[in-house]
Amino acid sequence: MDMEDDLVNIRPTAMASHTSPFSLRPWPIGDKKPKTLADFITRVNTQLGGFRNITEAKLREEIAAEENGRVEVEGSSEEDEEEDEDAGADKPKTVADLREEFLKNIEFAHQSAMLTVDFVSLLLSKYEPRALGTLSSTLRDLVGFGTLGATEIKESNITEARRHDDLTVATGWRIIGVNNMVDSVVAAAEKLEKEMELEAKYWADILAVSENGWSVCALPHEPHTLGVRFGFSESAPDFRNSSIAPLRRNDDGTVRLEIGRIGGGSQRVRVTIKKNGVIVDQSPLPARTPDDAPLEDRVLEARNTAFHQELWYELNREARTLLSSDVYSDSSSITWKQDPETEVIFTLEDLGESENVNERLSDINSSCTAYYVYMQFLLYQGHRQNYYKRTTATQPPPSRMLMHQSYTIIRAIIAATEYFKGCNAIADFLEELVFVLQRAGVTTATCKSTAQSLAAGLLQGSSTRHGPKMELNFVTHLVARLESTFELTVTPEAKIFVRARIVPGPSIGMLAVISLTPFPLNNNSGESNATANNAPSDSEDKDKQPSNPLEQLYPPSDPREPYPNAKEAIYYIRQATVRALTHKLAGDAVKALKRNDIEFTETLRGPAVMDRDDREARIIIAEDANGQMVLSLDGQWPEGKIVKNRSWMWGAGCDNSDCKSVGDIVLRVMRGDAVLS
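These numbers come from a predicted model, not from an experiment.

Definitions and limits used
Residues numbered from 1 in each chain as written. Predicted model: local features only at pLDDT ≥ 70, side-chain atom pairs only at ≥ 80, totals over all residues. Heavy atoms only, no water. Phe/Tyr/Trp six-rings, centres within 6.5 Å; stacked < 30°, edge-to-face > 60°. Buried < 20%, exposed > 50% of the residue type's maximum accessible area, 1.4 Å probe, protein only. Core = buried A, V, L, I, M, F, W, Y, C linked by side-chain atoms within 4.5 Å. Helix = DSSP H or I, 4+ residues; strand = E, 2+ residues; numbered from the N terminus. Contact = heavy atoms within 4.5 Å. Patch = residues over 30% accessible without salt bridge, like charges linked within 9 Å, V, L, I, M, F, W, Y side chains within 5 Å. Areas by Shrake-Rupley, 256 points an atom, 1.4 Å probe, with all protein chains shown as cover. Salt bridge = Lys/Arg side-chain N within 4 Å of Asp/Glu carboxyl O. Lys, Arg positive; Asp, Glu negative; His and termini not counted. Charge placed at Lys NZ, Arg CZ, Asp CG, Glu CD. Pairing = 2+ DSSP bridges. Axes fitted to C-alpha atoms, helices over the stretch in contact; angles between N-to-C directions.

Caption draft 1: Representation of the packing of aromatic side chains in the model. For the structure shown, the criterion picks out 5 aromatic pairs. Judged by centre distance (5.5 Å) and plane angle (85°), the rings of Tyr202 and Trp203 are edge-to-face. Overall, the relative accessible area of 7% leaves Tyr202 in the buried class. For Trp203, a relative accessible area of 39% corresponds to the partly exposed category. One aromatic cluster in this structure is built from Tyr554, Tyr563 and Tyr572.

Okay, structure coming up:
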């Protein structure tokens, strides 16, 4: 213990002679005196109320107070000094005080470490001479080396036999660990092989989907999960954002297509036609795709379902604006009353097992199937139009709603139906009219009809044949520019030309333009102005041909105000035919009888051939009780004081074996033959 006390007493003395290796100093404190005159003025303004409150008397009082204060401090008692010390202890330490305290702590730690090193080095110097290198020279000169030793108090109980047993036990545990490791490696290999098979099966389905053209990508909100996009980029935002489904792996390696965001079921829009409440036609529904079908088939079914759900959404949007066209909608169906007896109903139905609904229908004309295909085509074309507008727009639209307005789907269906219905009505009327005229002996009566062909600019030209503009023009032609022309020849001079044109809006249906001269041919671009198309030809051929008598007798309406439907056009054709035929018969009677008193006259009952003796032959074209067209000639002539009359009829249901032509009958009426009596 004496040696240790000496060591403790000597070590601080020895170390005190060395300079401290630490040089921690506080930041230098700058002078607090004002540097410039401006700083001095600022400091005075903040003290004593500024220069205004500084007076000589006040300064003298402050100096005297400071001197008195110093005197009191010098003459204070010991109790005051103790109070000052206690107050000073409570004051916060300065940086210099903290530095001194920090250096003291470092010095204490340094001395403690050096004492520990000297103690360990002195203990080891008895057994290891190399420990002298760490022993301080002061301690070595004072006590020497090897003077401090250590003795083992208790012997170890580890024997050779126990060491052998411990080695055997450790070897056994090691063998058990190796066996467990081998078992875990084999199990991991089997699991890895199974996972490889499942992954190979999963990725085979994924590659099959990708090779079929579907877009496989990471989910926006789950980057670690694969998904497939099966929608359309130009769909409505709700359907575009929901047309992506995750491709998750089942336990057996197959792919599970999660399409819960679009309803999870297969749906289709269905078209049904009812007459007097009885279904007469209905579009078929495909069978539902089974759950174990190939992945690409399930993705296709999901795409078709999303497409038809968007189609149903667009149909409902458009139906709300078509109340004036007899279109009514509710939560489950959309109904278009085509006529008082016929209804066209649109519904969205879930797919089930395949069924042959046509077996229950009595009248099948495939109109519903045509509507079904036409609606899908129009929606797809609406997507193409959105893409074309978005990629060719020079500036963004003022509102997003302008980019996604309601599509023209139901309007196009109504317009196409009315157009073909009107064209068929005009064609049937002209054919029946020509047949009746020829039965009446008007051999010059003929008619022909032609449908407008596609413009050459839409089908020719390799530079734009496959471009989006050509496709848009093609659909625009089918939806809004369908035209059919009809030509009726009553007499060589009297000809009537009719052009029927589809109108999808604002007035939905068909417009008919009637002219007495041939219509001009459309230009190659297929984008000619409607007024130019409707206007009659003003070429030089008009001067070479004889003038049409209908220009004076019964001119049609202005081409800029066409006939609104087929019924109005048929009415004009009927009346114009009567007048053209009556005018022709009057001229033939003048030539045949060589009389100048026979002339064409408009009466209250219609046009007629009359002479100065009040003989009258009036032609009427109407339908009989069976709905068949007949041409009747009402003759009236005076015989003495009695006015006699008689009617002759020509038509499909009339027996005209004893009748001659209408021209011969008019001549006999004008001559007043006794045969007529």
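Caption draft 2: View of the nonpolar core. Ranked by size, the top nonpolar core spans 60 residues in total, and within it Ile426, Ile573, Leu631, Leu633 and Val662 carry the most contacts. In terms of residues, this core owes the most to one element, helix α18 (residues 566-593), which gives 13 residues. Setting aside its immediate chain neighbours within four residues, Val662 contacts Ala440, Val442, Leu585, Ile619, Leu631, Leu633 and Trp650. Residues Val280, Phe307, Phe346 and Tyr371 belong to the second largest nonpolar core, which totals 28 residues.

Caption draft 3: Structural context of a negative patch on the surface. A surface patch of negative charge is lined by Glu61, Glu62, Glu66 and Glu67. Mapped onto the elements of the fold, Glu61 is located in helix α3 (residues 56-74).

Caption draft 4: Seen up close, the sheet that holds strand β12 (residues 495-503). In space, the 4 strands of this open sheet follow the order β10-β11-β12-β13, with antiparallel pairing throughout. Both outer strands of the open sheet, β10 (446-451) and β13 (509-515), are each paired with one neighbouring strand and no more. Here the average twist between neighbouring strands, direction ignored, is 15°. In this sheet, β12 lies alongside strand β11 (residues 483-489) in antiparallel orientation, the contact comprising 7 bridges. The partner of Thr489 across the bridge, within β12, is Lys495. Sheet strands touched by helix α12 (residues 410-439): β10, β11, β12 and β13. Its angle to β11, the strand with the most contacts, is close to 15°.

Caption draft 5: Region of interest: the pattern of salt bridges. Here the structure, examined in full by the defined rule, presents 28 salt bridges. Residues Glu128 and Arg130 are paired through a salt bridge, measuring 2.7 Å at the closest nitrogen-oxygen approach. The partner of Glu301 in a salt bridge is Arg268, and the shortest N-O contact between them spans 3.1 Å. In this pair, Glu301 is assigned in helix α9 (residues 295-319) and Arg268 in strand β5 (residues 267-275), connecting sequence segments 33 residues apart. Per residue, the accessibility class of Glu301 equals that of Arg268, and both read buried. Where salt bridges share partners, they join Arg595, Asp597, Asp611, Arg612, Asp613 and Arg615 into one cluster.

Caption draft 6: Main features of the pairing of strand β17 (residues 629-639). In terms of strand pairing, strand β16 (residues 616-623) meets β17 through 8 bridges, oriented antiparallel. In the strand pairing of β17, Glu623 is matched with Met629. Joining the antiparallel neighbours β16 and β17 is a turn of 5 residues, in which Gly627 adopts a positive phi near 85°. Sheet topology note: the β17/strand β18 (residues 642-651) ladder contains 10 bridges and is antiparallel. Within the sheet, the bridge partner assigned to Gln636 lies in β18 and is Asn645. Hairpin connection, β17 to β18: the antiparallel pair is bridged by 2 residues, and Gly640 has positive phi, about 70°.

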